[in-house]
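Observations on the model geometry
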Amino acid sequence: MKLTIIRAGGIAGIVARTELDQQALPKSAAKDFAGEVSRARLSDQPPPPPDVPRPDTQLYELNLEWTGREVTARYTDDSLPEDVRLLVAWVDSRPERVESIEL
Amino acid sequence: MGATRKPTRCSIAPPDLLGRLAVEGTPEQREAATCALATSAAMRSQRAVMGQLGRRLNIRTGSLAGATLETGERLSVYDNQTQGRQFLPGVLVRGWEAPAVVDTSVNQAYDGSNATYEFYRDQFGRSSLDGVGMELVSTVHYGVGFDNAFWDGSQMVYGDGSGRIFKIGALTSAIDVIAHELTHGVTEFTAGLVYSKQSGALNESFSDVFGSLVKQHSLNQTAAEASWLIGEGILVPELGAALRSMIHPGTAYSGDRQPGNMAEYVNLPDNNDPRNDNGGVHINSGIPNRAFALAAIALGGHAWEKAGRIWYEVLTTRLRPTTQFDAAAHATIDVAGMIFGEAEQVAVHNAWKEVGVLS
Ligand SMILES: [Zn+2]
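Per chain, residue numbering runs from 1 following the sequence as it is written. Chains carry letters and ligands carry numbers; both start at the beginning, A for chains and 1 for ligands, and go up in the order they are written. Two thresholds apply to this predicted model, a pLDDT of at least 70 for residue-level local features and 80 or more for giving and counting side-chain atom pairs, whereas whole-chain, interface and lining totals are computed over all residues. The side-chain figures draw on all heavy atoms in the structure; neither hydrogens nor water molecules are used.

- Looking at an unreviewed UniProt entry, chain B carries the name Neutral metalloproteinase, with the source organism given as Arthrobacter psychrochitiniphilus.

Okay, here's the thing in structure tokens:
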């Protein structure tokens, strides 16, 4: 299972990518990761984006790949569900994550 | 307060009914109910409720005839204590005319908002973002390691930065970034430029223009002396020196894709993909940014005296929400002639020619 988080928009318009592969995690953390992912319910219909986009709002895309399947969900900072925010924060706290800037 | 509103729109009704209408009613009922809720309780305690209601319903509570935000105070700063969106604005840490506090971010947000407020007042006779004295509310320490600062439709919000994109603490340190964000509020209350493709790039460019002017004014720089950089020194050094260069678009940091000429316009779709930036609003703003910097340098002296006057007049009186680059360019030429004269008109026209928007 691999999660890719894209954070873009914002005042800079920079596209930042954060990846975390479950295989890179120690056993107990891998289990926690699965729990965080399942709680975030990325397969659910995401909340609709605002009718009027707000300037410099941070935009999110989360892509989850597992056993040949994948799901992609997009959110704005306004619409990001709390459990997705917690998943992002959990990934940000893991030293195994891989960060890059998309150019 | 609220004196210019039609009396029928702010009716008196029980709060529970108003609350239900504000969520479930028709758009007109929602606006009227929100307005009534706003005016029926003390401003200070209502702020968090109104902000959250506005975000939830996707309406601009700040634009409801100043019903929520005209408090008679110029500005105030709150601490989100890293708790995120559900805890906006947070805890009041420095009210208007209160002395500086220990927290540098609070003081920077206070001083930057104040400098922006005074710039608009002294240079253009504008009373705050809405023109009628709206209080400038700022919240610092939003979220955890959050790499952004933004105007949310009713207040300013600053993250601390993660140290991976923005230096920690840097988002409140750049006065041009603060003025950039507050100018999004001015644009919202005036031209209302739609945040997509060319009109969105114009929206971004006006924020960079007045962001840079507030900084130049604070340093008393002439157009020739200015760096024309936006957000200098706030990115981590590995990424680069600044977010954008108005005079040399595309050179500010290692991933800077801004064009400085219409021939290199980046035609991205506005399709909800975060990579496409609402149709390239932070990318193609390089073209009108460079036109402004060239015009300001050609006009000489302090950029806010002539070029800034022209661009302000255009932003607040000449644009429609869907205005494109060429129409904005013609408006600046027109206004240059109206306020100043033929020489200024020629200088502005030449700037737009140099960036390939006009021939
Ligand atoms: Zn902006």
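Still more ground to cover, so stick around.
**What about the sheet that holds strand E3 (residues 136–142) of chain B?**
All names here are of chain B.
- If you trace the five strands from one edge of the open sheet to the other, you get E2-E1-E3-E5-E4, paired in mixed fashion. Here the strands that pair on one side only, and so sit at the sheet edges, are strand E2 (91–94) and strand E4 (149–151). This sheet shows a mean twist of 25° between the axes of neighbouring strands, independent of strand direction.
- One ladder, built from three bridges, connects strand E1 (residues 75–79) with E2; its direction is antiparallel. When the bridges of E2 are listed, Asp79 appears paired with Val91.
- Contact between two residues is taken to exist if any of their heavy atoms lie within 4.5 Å; hydrogens are not considered. As a rule, the C-alpha atoms of each element are fitted with a line to give its axis, helices using only the stretch in contact, and angles between N-to-C directions run from 0 to 180 degrees. Numbered from the N terminus, helices here are DSSP runs of H or I no shorter than four residues, and strands are runs of E no shorter than two. Helix H4 (residues 104–124) contacts E1, E2, E3 and strand E5 (156–159) of the sheet and is inclined by roughly 150° relative to E3. The rule for pairing is simple: two strands pair if DSSP sees at least two bridges between them.

**What to know about the coordination of the zinc ion**
- Taken together, the protein ligands of the zinc ion are A:Asp56 (OD), A:Asp56 (OD), B:His180 (NE2), B:His184 (NE2) and B:Glu204 (OE), with distances of 2.0 to 2.5 Å. Within this pair, whereas A:Asp56 is found in the loop between helix H1 (27–40) and strand E3 (58–66), its partner B:Glu204 is found in helix H6 (residues 197–219), the two belonging to separate chains. As far as the burial class goes, A:Asp56 and B:Glu204 line up, both buried. Counted as donors are the N, O and S atoms within 2.8 Å of the metal, or 3.2 Å for Na, K and Ca, while water is not among the atoms, so some sites may look incomplete. Using a 1.4 Å probe on the protein chains alone, a residue whose accessible area is under 20% of its type maximum counts as buried, one over 50% counts as exposed, and one in between counts as partly exposed.

**Here we look at the nonpolar core**
- Residues B:Phe210, B:Trp228 and B:Trp311 are the most contacted members of the largest nonpolar core, which totals 87 residues.
- Take this core: its biggest share by element is eight residues, from helix H8 (residues 286–299) of chain B.
- Here the limits of each domain have been adopted from an automatic or database domain assignment. In terms of domain composition, this core takes at least three residues from each of domain 1 (10–189) and domain 2 (197–354) of chain B.
- With sequence-adjacent residues up to four places away left out, B:Phe210 is seen in contact with B:Phe119, B:Tyr120, B:Phe124, B:Ala179, B:Thr183, B:Gly308, B:Trp311, B:Tyr312 and B:Leu315.
- Within the second largest apolar cluster, 27 residues are counted, among which are A:Ala40, A:Tyr75, B:Phe146 and B:Val157. Residue types Ala, Val, Leu, Ile, Met, Phe, Trp, Tyr and Cys, when buried and joined through side-chain atoms within 4.5 Å, form a set referred to as a nonpolar core.

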